[in-house]
Amino acid sequence: MRTAAHHRATRSVAVAAFAALALLSACSKSGSDADKTTTTTAKATTTTEAKATTTTADGTTTTKATGSGEETSGDPWTATAVEHRGQDGETFSYECPADGAAATIWGTEEYTDDSSVCTAGVHVGLITLEDGGTVEIEIAPGLDEYSASEGHGIVSASYGPWDGSFTFPDAPPGSGDFGPAVESWSVTAASLNLDLGDTAEVTCSAKGTAGSLWGTDTYTADSSVCTAAVHSGLITLADGGPVEIELVQGIEEYEGSTAHGIDSGDYGPYDPAFTFTDDQPEPK
């Protein structure tokens, strides 16, 4: 028997965000301020003060450091765009040396401004960790939510509301092709904010990890959608793929079973629930 705590189970991922300091040199000014481009060599910082916690649509709770930090040794691959927050529309160039080490990023094509600029450049395919290179970013307002994905060997994390963003003019939002992040396996029907009768497509990443599951054919809304899809024989843990669910009225009793290597549990009355639609999307 599950306790009530299972209904809103979340993973906590503690991550330390790095803030960039020290503007090296400004290019000669021509035209409006919005056309100004600056090349930045970054200093890594660590932040130790206030914490910001957010819960994203997939039910993941993440804590990020937000206070002012103490300057440490410089590593361009941990450089962020925090110092440029509010300079929306302005562009800045970052030099990323060869043999870089990936750092934390949040978002896909639009990143929180405390994400590693160079790592995000690899994520969108502009540079590589091995060769490095120079990337240009454009400062943008914050978003209500940043999505996670896998791109060019880099996995980004999701996050909720944040006060500042950056994008890459050479890889604008909507231009890239990204795979789902592993955290897609924690998505539940309850986290998708659906109404009864609504349908939604969930793309499950390859090499997934099975999550909690209750029911057979009809599953409690707080069950892992991707895990239920494996249980139903629609996808595999190894390959993942897209599936479509429908939010339905809950039932009085959910019967557990074992299918396709996945165990589901029994449960009593629970509302709402979800099932898989008859017409499933083609693998992408």
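This structure is a prediction, so every number in the text was calculated from the model and none was measured. (Residues numbered from 1 in each chain as written. Predicted model: local features only at pLDDT ≥ 70, side-chain atom pairs only at ≥ 80, totals over all residues. Heavy atoms only, no water.)

> What is the right way to look at the state of the cysteines in this model?
This model, assessed by the stated rule, comprises 2 disulfides. Across the disulfide, C96 is cross-linked to C118 (sulfur-sulfur distance 2.1 Å). Judged by the sign of its S-S torsion, about -90°, the bond between C96 and C118 is left-handed. In this pair, C96 is assigned in strand β8 (residues 91–96) and C118 in helix α1 (residues 117–123), connecting sequence segments 22 residues apart. Judged by relative accessible area, which is 0%, C118 ranks as buried. (Disulfide = S-S within 2.5 Å. Helix = DSSP H or I, 4+ residues; strand = E, 2+ residues; numbered from the N terminus. Buried < 20%, exposed > 50% of the residue type's maximum accessible area, 1.4 Å probe, protein only.)

> Before we go on, may I ask you to explain the pairing of strand β14 (residues 164–167) in this structure?
Side chains on a regular strand alternate between the two faces of the sheet. Both faces of β14 are covered, namely the face carrying G164 and F166 and the face carrying S165 and T167. Looking at chain direction, strand β10 (residues 110–112) and β14 are connected through 2 bridges and run antiparallel. Looking at β14, one finds that Y111 is bridged to F166. With 4 bridges joining them, strand β11 (residues 133–141) and β14 adopt antiparallel strand pairing. The partner of I139 across the bridge, within β14, is F166. (Pairing = 2+ DSSP bridges.)

> I tried to follow the confidence of the model for the protein on my own but got confused; where do I start?
Low pLDDT marks stretches whose predicted atomic positions should not be read closely. In this model, the protein carries a mean pLDDT of 78, and residues with pLDDT of at least 70 account for 74%. Below a pLDDT of 50 lies the segment residues 1–73, which in the model reaches 166 contacts outside its immediate sequence neighbourhood of four places, other chains included. (pLDDT = per-residue confidence, 0-100. Contact = heavy atoms within 4.5 Å.)

> It is not clear to me how the packing of aromatic side chains should be interpreted in this structure. Could you clarify?
The description of an aromatic ring pair uses the distance of the two centres, along with the angle that the planes make with each other. Counting across every chain of the model gives 7 aromatic pairs. Taken together, a centroid distance of 6.1 Å and an interplanar angle of 70° make the contact between Y267 and Y270 edge-to-face. Exposure class is identical for Y267 and Y270. Each is buried. Among the aromatic residues, ring-to-ring pairing joins Y111, F166 and F168 into one connected group. (Phe/Tyr/Trp six-rings, centres within 6.5 Å; stacked < 30°, edge-to-face > 60°.)

> Explain the sheet that holds strand β15 (residues 199–204) here, please?
Here we have 5 strands laid out as an open sheet, ordered β15-β18-β21-β17-β16, and antiparallel in their pairing. A strand with exactly one partner marks an edge of an open sheet, and here the two such strands are β15 and β16 (215–216).

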